[in-house]
Structures are given as C-alpha cells and as structure tokens.
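Residue strings, one per chain:
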Amino acid sequence: APRSFCFNGAPLPECQTFLIVEMQGVLPIVQTTRQVSWYGGYGYEESPFEDQLQWELGLMHNIGERWAVGGAARLGPGSAGALTGVTVRARRWLSTDVGVDLAAGASFMTISSPNWKERSTGWLADARLNFNDDAYAGLRFEAFSLDPFRGPDASDPGGPQRSVSLLLGVGSEWALGG
C-alpha cells in the first residue's frame, strides 16, 4: 500500500500525498525595462525583476501513476510581505525519480523608490525538470502592469513589465538546510 504522506515526492504506488519544499534562485535572462526620469536632469533604465532567492512551500497529491496535482506559496523578497506568489501545479512523472512540473498563478511585487511605492499583482507560468525532489532547473515567465507615476522629484512611465527567468533550485532536505 502507498504511504499516505511523504516528505519527498514519489509517484504511485509509493506515495499518495507529498510536500513541496523548495529553495530556488531566480535569474532573469530576458526582461523589459522602462525609463525612470529624475527632474534633476538624469534618468535610468529600470526593471522590477532582479536576481532573487525564494522558497516554495506546498502540497501535491498523486491522482494516478503518472500525474500529481497541487499548489504552492512562494516566499521571499520583492513584495510588501513575505508572500510573493501562489500557484497551482501539476507534475508528470517521467520515471520514479524524474518529473516535469508545470505551474501557473499569481505573482505579487512591490516597486518602490524614495518617493513612491506601488504594489502590483501579475501572473506567472513556469516549467521545470525535477530530479527526485533534490534538484531542478526550469524557466519562468512573469508579467506585471505598473501604473505611471509623476511626482515632485521623479516620473515613471509604468506600463507592462515582463521577464523570462532561469530557475535553479533544490528541494526537500536541501531546501530545509538552506
């Protein structure tokens, strides 16, 4: 009989429900920028996306020998609080040790400068190749829309912001150690 609850993910018949415990580095490889201007006469290109360290915590349930479904909360810097995203996730088991994870959901970000702060909700989708819940690599697409800002010292045109990022991460005991 399968174990009803596992710390490390495994397909049926080994495990029914398992935890998602991941620590990941997010490295933007392609991203939009916008020209932020300061009234002192200078401006600079800025993007809301940056290299980040994040954790994902969640739960998945095997619904058959090849598929698991569930969800996760993303925690880390970049938002007003620790919660930076929530996703639904599906895993297709390719073998007992290798799976492809597909996720989609909401992403939360806070953009700030000395004179203003804006909280924005966008969306994300990612795909990753998972090796025995110990390590994974993948790609993430994120999109936000920022409101324009015009203040006494600066102006920001806002607009759509997008990024494709490389995901490199560890799971299970490795993530807890991190």
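Once a new chain begins, its residue numbering starts again from 1 and follows that chain's sequence as written. Where local features are concerned, this predicted model is filtered to residues with pLDDT of at least 70; where side-chain atom pairs are given and counted, the filter is 80 or more; whole-chain, interface and lining totals use all residues. Just so you know, side-chain values use all the structure's heavy atoms and leave hydrogens and water out.

**Observations regarding the pattern of salt bridges**
What counts as a salt bridge is simple: a side-chain nitrogen of Lys or Arg found within 4 Å of a carboxyl oxygen of Asp or Glu. In the structure shown here, the tally under the stated rule is 14 salt bridges. Between Glu 46 and Arg 34 there is a salt bridge whose closest N-O contact spans 3.4 Å. Taken together, the residues span a long stretch of sequence, with Glu 46 in strand 4 (residues 43–46) and Arg 34 in strand 3 (residues 34–38) at a distance of 12 residues. Type-normalised accessible area, obtained with a 1.4 Å probe on protein chains alone, sets the label of each residue: buried when under 20%, exposed when over 50%, and partly exposed for intermediate values. Relative accessible area serves as the criterion here: at 3%, Arg 34 is assigned to the buried category. Residues Asp 101 and Arg 89 are paired through a salt bridge, measuring 3.1 Å at the closest nitrogen-oxygen approach. A residue pair is termed long-range when its members are at least 10 positions apart, and Asp 101 in strand 8 (residues 98–112) and Arg 89 in strand 7 (residues 83–93) qualify at 12 residues. A relative accessible area of 1% means that Asp 101 is categorised as buried. The way it works is that DSSP assigns letters per residue, a run of H or I at least four long becomes a helix, a run of E at least two long becomes a strand, and they are numbered from the N terminus.

**Description of the confidence of the model for the chain**
Every residue carries a pLDDT, the predictor's confidence in it, which falls somewhere between 0 and 100. In the predicted model, the chain carries a mean pLDDT of 89, and the fraction of residues at 70 or more is 93%. Across the chain, the secondary-structure element scoring lowest on mean pLDDT is helix 1 (residues 173–177), at 78, and the one scoring highest is strand 6 (residues 67–75), at 96.

**Observations concerning the sheet that holds strand 3**
Backbone-to-backbone hydrogen bonds pair the strands of a sheet. The strands run either parallel or antiparallel. DSSP calls a pair of strands paired once it identifies at least 2 bridges connecting them. Reading across from one edge, 4-3-12-11 is the order of the four strands in this open sheet, with antiparallel pairing throughout. Of all the strands in the sheet, the pair left with one neighbour each is strand 4 and strand 11 (149–150). Of the pairings in the sheet, the one linking strand 3 to strand 12 (residues 154–156) comprises two bridges and is antiparallel in character. Directly across from Trp 38, in strand 12, lies its bridge partner Ala 154.

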